Amino acid sequence: TGPAGKVMLLPEEDPSTDYIMVATGTGIAPYRGFIRRLFVENTPAGNAYKGEAWLFLGVANSDALLYDDEWQEVLQEYPDNFRLDYAISREQENKKGGKMYVQDKVEEYADEIFNKLDSGAHIYFCGLKGMMPGIQDMLAEVCKGKDIDYGEWLKGLKKNKQWHVEVY
């Protein structure tokens, strides 16, 4: 089974909202819909969108990069509104010399991501549930380095409906 329910909806009240999308493998599916809605299909939400949609995809090998041709087209056509980062665990190294997992790639941009979240961005996680402990450990470590209480920070994101998780 995959994502179901209201967890994976795009809030469309403010067309300048930034979206940070984190996926492993087939968890990419809902983001394909998001990106098509924002950049490919002629939709009111897409026509009004002025924010930045940032996609992080973690896979084992580059031959497992799903929909790369579509992402590259959107990137070329909307360079100010779409960003793309891959974490390819068997082909890239993280800053500690280990395998590059999606949480390592997100951590590379921690300051920017935290600033976006502080400014109202929404962050989405979709894929295998095994990715979430690594994500949460990384975020907790970043919070510690910023002198932020991770539990309170996360509670605030959830309260503001900025935190969206659909893992399976």
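Everything numeric here is computed off the predicted structure, so don't read it as measured data.

*Asks:* Got a minute to help me understand the overall build of the protein in this structure?
*Replies:* When helices and strands are counted, the protein shows 7 helices and 5 strands. Overall, the protein shows an N-to-C arrangement of helices and strands of β-α-α-β-α-β-α-α-β-α-α-β. For the protein, the C-alpha radius of gyration of 15 Å lies close to 15 Å, the compact-globule estimate for 168 residues. Projecting the C-alpha coordinates of the protein onto the three principal axes gives extents of approximately 40 × 40 × 30 Å. Within the protein, buried positions represent 47% of all 168 residues. A total of about 8,900 Å² of accessible surface is found on the protein, and carbon and sulfur atoms cover 48% of it. Averaging the locations of the 19 positively and 28 negatively charged side chains of the protein gives two centres separated by 6 Å.

*Asks:* Would you mind going over the side chain of His164 with me for this structure?
*Replies:* Note on placement: His164 falls in strand β5 (residues 163-167). A residue is classified by how much of its surface remains accessible, and His164, at 10% relative accessible area, is buried. Polar contacts involving the side chain of His164 include one to the main-chain carbonyl oxygen of Lys161, which spans 3.1 Å.

*Asks:* In this structure, what is going on with helix α1 (residues 29-40)? I would like to understand it.
*Replies:* Two residues of an α-helix separated by three or four positions point the same way, owing to the 3.6 residues in each turn. Under the 1.5 Å per step criterion, the end-to-end length of α1 is 15 Å for 12 residues, consistent within 8% with the ideal 16 Å. Among the residues of α1, Pro30, Tyr31, Phe34, Ile35, Leu38 and Phe39 are the ones counted as buried. The buried residues of α1 occupy one face: seen down the axis, they fall within an arc of 140 degrees. Among the structural elements, β1 (19-24), α2 (44-48), β2 (53-59), α3 (68-77), β3 (82-88) and β4 (122-127) are those in contact with the buried residues of α1.

*Asks:* Just to check I follow, could you spell out the pairing of β1 for this structure?
*Replies:* The side chains of a regular strand alternate, first on one face of the sheet and then on the other. Judged by how many residues are buried, β1 sits mostly within the fold: 6 of 6 residues are covered. Burial along β1 is two-sided: the residues Tyr19, Met21 and Ala23 and Ile20, Val22 and Thr24 are all buried. Bridge count for β1 against β2 is 6 bridges, and the pairing is parallel. Within β2, the position partnered with Thr24 by the bridge is Gly58. Bridge count for β1 against β4 is 5 bridges, and the pairing is parallel. The partner of Ala23 across the bridge, within β4, is Cys126.

*Asks:* What exactly am I supposed to notice about the sheet that holds β1 here?
*Replies:* Through backbone hydrogen bonds, the strands of a sheet pair up, either in parallel or in antiparallel fashion. The parallel open sheet is built from 5 strands, whose spatial order is β3-β2-β1-β4-β5. Two strands close off the open sheet at either side, each with one partner strand: β3 and β5. Sheet twist, expressed as the average angle between the axes of neighbouring strands with direction ignored, equals 10 degrees. Contacts from α1 reach β1, β2, β3 and β4, with the element oriented near 145 degrees to β1.

*Asks:* Quick question: what am I supposed to make of unusual backbone geometry here?
*Replies:* Even without being glycine, Tyr67 reaches a positive phi, approximately 65 degrees. Note that Tyr67 resides in the loop between β2 and α3. Under the relative-accessibility criterion, Tyr67 is labelled partly exposed at 29%. In this structure, Lys161 is a non-glycine residue whose phi angle is positive, near 55 degrees. On the accessibility criterion, Lys161 (60% relative accessible area) is exposed.

*Asks:* It is not clear to me how the nonpolar core should be interpreted in this structure. Could you clarify?
*Replies:* Most often, soluble globular proteins have nonpolar side chains that are buried together. Membership of the largest hydrophobic core comes to 27 residues, with the highest contact counts inside it found for Phe125, Leu139 and Trp153. Contributions of two or more residues to this core are made by β1, β2, α4 (102-108), α5 (110-118), β4, α6 (131-145) and α7 (150-159). Aside from chain neighbours lying at most four places away, what touches Trp153 is Phe114, Leu117, Asp118, Leu139, Cys143 and Ile148. Residues Tyr19, Phe34, Val74 and Ile88 belong to the second largest nonpolar core, which totals 25 residues.

*Asks:* Looking at this structure, how should I read empty space enclosed by the protein?
*Replies:* Using a probe with the size of a water molecule, rolled over the atoms, empty space left in the structure can be pinpointed. Taken as a whole and judged by the stated rule, the model has 1 cavity of 30 Å³ or more. Computed from the structure, the largest cavity encloses a volume of approximately 50 Å³. Taken together, Asn94, Lys95, Lys96, Met100, Asp104, Glu107 and Glu108 make up the full set of residues lining the largest cavity.

Thresholds, definitions, all that
- Residues numbered from 1 in each chain as written.
- Predicted model: local features only at pLDDT ≥ 70, side-chain atom pairs only at ≥ 80, totals over all residues.
- Heavy atoms only, no water.
- Helix = DSSP H or I, 4+ residues; strand = E, 2+ residues; numbered from the N terminus.
- Rg over C-alpha atoms; globule rule 2.2 N^0.38 Å.
- Buried < 20%, exposed > 50% of the residue type's maximum accessible area, 1.4 Å probe, protein only.
- Areas by Shrake-Rupley, 256 points an atom, 1.4 Å probe, with all protein chains shown as cover.
- Lys, Arg positive; Asp, Glu negative; His and termini not counted.
- Charge placed at Lys NZ, Arg CZ, Asp CG, Glu CD.
- Polar contact = N/O pair within 3.5 Å; in protein donor to acceptor, adjacent residues only side chain to side chain.
- Expected span 1.5 Å × (residues − 1).
- Arc of directions from axis to C-beta.
- Contact = heavy atoms within 4.5 Å.
- Pairing = 2+ DSSP bridges.
- Axes fitted to C-alpha atoms, helices over the stretch in contact; angles between N-to-C directions.
- Core = buried A, V, L, I, M, F, W, Y, C linked by side-chain atoms within 4.5 Å.
- 1 Å grid on protein atoms, 1.4 Å probe; cavity = no way out; pocket = protein on both sides within 12 Å on 5 of 7 lines; lining within 4 Å.
- Points joined across faces, edges and corners; volume = space filled by probe spheres on them.

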